[in-house]
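Commentary on secondary and tertiary structure
Below, each chain spelled out in residue letters.
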Number of protein chains: 2
Amino acid sequence: MSETKREIILEAALVLFVERGFDGTTVPMISEKAGVGAGTIYRYFENKEALVNTLFQESVGEFLETLQDGYPRTSEDLREQFRHIAKQTIRYSKKNLNALLFLDSHTNGHYLDEASRAAYMKLRTFLFEFIEQGQKKKVIRPLPADALIAIVDGAYIALNKCIMAGEIEETPELLAGVEEACWDAIRIH
Amino acid sequence: MSETKREIILEAALVLFVERGFDGTTVPMISEKAGVGAGTIYRYFENKEALVNTLFQESVGEFLETLQDGYPRTSEDLREQFRHIAKQTIRYSKKNLNALLFLDSHTNGHYLDEASRAAYMKLRTFLFEFIEQGQKKKVIRPLPADALIAIVDGAYIALNKCIMAGEIEETPELLAGVEEACWDAIRIH
DNA sequence: CAAAACGGAATGAACATTCATTCCGAAACA
DNA sequence: TGTTTCGGAATGAATGTTCATTCCGTTTTG
């Protein structure tokens, strides 16, 4: 039951951090949105920074797990691996879109601690390995991995924002189209 | 001379906003980096929000001007128009990389006023028109314009960060490669 | 020397955090 | 079973700090 309260606080903070950023969110805002007293937050988290770092590490961890779950690691087919990454990114966005948006907008925060940076590095390494393997096999363009990842990342974040804003409807064709656009961006033709 | 001091303040604020975000940057930080007294900032800007909005509007304006400068508006060749956009984006990043990074990270700020949002809308409209024209001609994929723009945007922002961090050297081949990757992402094959 | 520009200490508001107190369900008791 | 005691969870007013902004004595300018 007390686990529940902790989660209520985390969820409220997540939403506010996505909307206003870490520095733009006050502890009273979080306590109000969570429907708890301000002091209660400090029963679960040492301070505001510990709260954001917990959120960051849990989000990275869950996202990376989702990506790795069922990943065809030993496959020689880069396209198949890419399809998996795209599919699981969509899956995670459905499970916890705010966490994905939060990750995207807080990766460079000055408040992230060593553990958060390390967790993020693991995610980054996973994606880098995919890119580098593809480059070694001359399937993926010899461009900076950062830039290639940013292309895909940007596409999926923007896509989700469009869907969330109701500007567009999510259909299998749309998802397939975005996946293909991204694949065409990173692969050698 | 007073114009110069105003610009020193704007430049210092720009760098800090890129590094730490608007809410994470304090006025004393800005005054120290600018080498002026805290009070001096208020001789040039009504308050911190006016400062960030000035910066935002000036950056959007300059960037849009750069994009429109020499734009082959009447051309039927979408590829040529895209090349121009890509080239001018690079040009602007060389002139004022921080402004580009600032724009990228502050477009959703809760502190932006009506004028800033309107200015940003103009930039967005310019890019949307390019996308929509291309979609009408069946040259560009029928995906959400937001997502397509985010792909290109993400690529160039990440590219510049790599170059800035010294992880990679800027060469004509690199720029051509990124441009082609982005074009392949948005065009119909 | 008058006027404008400047710096940085002073101010009050808003913030993160603390802590004395309340609340509540469970256990002990009768 | 009805009553009392207990302990930890929860609270929000109080605290000290940090911030944006103001104010005024000093410096620069013309």
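Residues numbered from 1 in each chain as written. Chains lettered and ligands numbered in written order. Predicted model: local features only at pLDDT ≥ 70, side-chain atom pairs only at ≥ 80, totals over all residues. Heavy atoms only, no water.

With an unreviewed UniProt entry as reference, chain A is termed TetR family transcriptional regulator, source organism Brevibacillus porteri.

As for the overall build of chain A
Counting its secondary structure elements, chain A contains eight helices and zero strands. Listed N to C, the secondary structure of chain A is α-α-α-α-α-α-α-α in terms of helices and strands. With the C-alpha coordinates of chain A rotated into their principal frame, the extents come out at 55 × 35 × 30 Å. Scored against the burial criterion, the 189 residues of chain A give a buried share of 50%. The contacts of chain A with a sequence gap of at least 6 include a subset with a gap of at least 24, amounting to 67%. Carbon and sulfur atoms make up 51% of the accessible area of chain A, which amounts to about 9200 Å² in all. Here chain A contributes 22 positively and 29 negatively charged side chains, and the mean placements of these two sets differ by 2 Å. (Helix = DSSP H or I, 4+ residues; strand = E, 2+ residues; numbered from the N terminus. Buried < 20%, exposed > 50% of the residue type's maximum accessible area, 1.4 Å probe, protein only. Contact = heavy atoms within 4.5 Å. Areas by Shrake-Rupley, 256 points an atom, 1.4 Å probe, with all protein chains shown as cover. Lys, Arg positive; Asp, Glu negative; His and termini not counted. Charge placed at Lys NZ, Arg CZ, Asp CG, Glu CD.)

Let's talk about the nonpolar core
Judged by nonpolar contacts, the single largest core of 124 residues is most densely connected at F130 and I186 of chain A together with F130 and I186 of chain B. Not counting residues within four places of it along the chain, the set of residues in contact with F130 of chain B comprises Y71, L78, Q81, F82, I85, I140, W183 and I186 of chain B. (Core = buried A, V, L, I, M, F, W, Y, C linked by side-chain atoms within 4.5 Å.)

Structural notes on the pattern of salt bridges
With the rule as written, the count across this model stands at 20 salt bridges over all chains. R79 of chain A is the partner of E179 of chain A in a salt bridge, and the nearest nitrogen-oxygen pair spans 3.0 Å. Of the two residues, E179 of chain A is situated in helix α8 (residues 172-186) and R79 of chain A in helix α5 (residues 78-106); the sequence distance between them amounts to 100 residues. One connected set of salt bridges, linked through shared partners, spans R141 of chain A together with E180, D184 and R187 of chain B. (Salt bridge = Lys/Arg side-chain N within 4 Å of Asp/Glu carboxyl O.)

Describing helix α4 (residues 48-68) of chain B
If you check α4 of chain B, its first and last C-alpha atoms are 30 Å apart, about what 21 residues at 1.5 Å a residue would give, namely 30 Å. Sitting at the amino-terminal end of α4 of chain B is N47 of chain B, which places a side-chain oxygen 3.1 Å from the backbone nitrogen of E49 of chain B. (Expected span 1.5 Å × (residues − 1). Polar contact = N/O pair within 3.5 Å; in protein donor to acceptor, adjacent residues only side chain to side chain.)

Comments concerning the packing of α5 of chain A against α8 of chain A
Residue and element names in this part refer to chain A. At a minimum axis distance of 11 Å, the contact between α5 and α8 shows a crossing angle of 135 degrees. In terms of orientation, α5 and α8 fall into the oblique class. Regarding α5 and α8, the two cross each other, and that crossing is right-handed. Together, L78, R79, F82, R83, A86 and I90 of α5 and L175, E179, C182, W183 and I186 of α8 make up the contact between the two elements. (Axes fitted to C-alpha atoms, helices over the stretch in contact; angles between N-to-C directions. Parallel < 35°, antiparallel > 145°, perpendicular 65-115°, else oblique. Left-handed = near helix turned anticlockwise from the far one by under 90°.)

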